[in-house]
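Now for the letters of each chain:
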Amino acid sequence: MYFTDRGIEELVDRRGEETVTLEWLGAQLRTFVDQNPEFETPIERFATWLARDDEDEE
């Protein structure tokens, strides 16, 4: 189990029934990076991964 699993589990437990838009998620990620600039690179990588998740892997 990764350390991040606890945070992911909490997210699902607390907000798993909610419906969100990608616009909302983008705004939340921007706010997070504004408050935690040291996470800019990992958040950028995560957002790029989400954006490309449905592309065929070669």
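Residues numbered from 1 in each chain as written. Predicted model: local features only at pLDDT ≥ 70, side-chain atom pairs only at ≥ 80, totals over all residues. Heavy atoms only, no water.

As named in an unreviewed UniProt entry, the protein is DUF6104 family protein, taken from Paractinoplanes hotanensis.

Attention now goes to the overall build of the protein. The helix and strand tally for the protein stands at three helices and zero strands. Taking all 58 residues of the protein together, the buried fraction comes to 9%. Counting only carbon and sulfur atoms, one obtains 51% of the accessible surface of the protein, whose full area is about 5900 Å². (Helix = DSSP H or I, 4+ residues; strand = E, 2+ residues; numbered from the N terminus. Buried < 20%, exposed > 50% of the residue type's maximum accessible area, 1.4 Å probe, protein only. Areas by Shrake-Rupley, 256 points an atom, 1.4 Å probe, with all protein chains shown as cover.)

By convention here, two paired aromatic rings are described through the distance between centres and the angle between planes. A full pass over the atoms with the stated rule returns two aromatic pairs. On the numbers, 5.5 Å between centres and 45° between planes, the contact of Phe32 with Phe39 is tilted. Phe39 gets classed as partly exposed once you look at its relative accessible area, which sits at 37%. Taking 6.3 Å as the distance between ring centres and 20° as the angle between the ring planes, the aromatic pair formed by Phe46 and Trp49 counts as stacked. Of this pair, Phe46 and Trp49 are both found in helix α3 (residues 40-52), three residues apart, which corresponds to roughly one turn of the helix. Looking at Trp49, the relative accessible area reads 51%, which means it is exposed. (Phe/Tyr/Trp six-rings, centres within 6.5 Å; stacked < 30°, edge-to-face > 60°.)

So, on to the pattern of salt bridges. Inspection of the entire model under this criterion finds two salt bridges. The closest approach of N and O atoms between Glu10 and Arg14, which form a salt bridge, is 2.8 Å. Of this pair, Glu10 and Arg14 both sit in helix α1 (residues 4-15), four residues apart, which is roughly one turn of that helix. Residue classification places Glu10 among the partly exposed positions, given a relative accessible area of 41%. Glu18 serves as the salt-bridge partner of Arg15, at 3.1 Å between the closest nitrogen and oxygen. (Salt bridge = Lys/Arg side-chain N within 4 Å of Asp/Glu carboxyl O.)

This part is about the confidence of the model for the protein. With 90% of its residues at a pLDDT of 70 or more, the protein shows a mean pLDDT of 90. Here α1 stands out as the least confident element of the protein, with mean pLDDT 90; helix α2 (residues 22-35) is the most confident, with 97. (pLDDT = per-residue confidence, 0-100.)

With that out of the way, let us pick up the packing of α2 against α3. Helix-helix packing is described using two parameters, namely the angle between the two axes and the distance between the axes. One can describe the packing of α2 onto α3 by two numbers: an axis separation of 10 Å at closest approach and a directional angle of 165°. Taken together, the axis directions place α2 and α3 in an arrangement best described as roughly antiparallel. Seen from above, α2 lies across α3 with left-handed handedness. Residue-level contacts link Leu25, Leu29, Phe32 and Val33 of α2 to Glu40, Ile43 and Leu50 of α3. In terms of residue class, the contact of α2 with α3 is built from six nonpolar, no polar and one charged. (Axes fitted to C-alpha atoms, helices over the stretch in contact; angles between N-to-C directions. Parallel < 35°, antiparallel > 145°, perpendicular 65-115°, else oblique. Left-handed = near helix turned anticlockwise from the far one by under 90°. Contact = heavy atoms within 4.5 Å. Nonpolar A, V, L, I, M, F, W, Y, C, P; charged D, E, K, R; others polar.)

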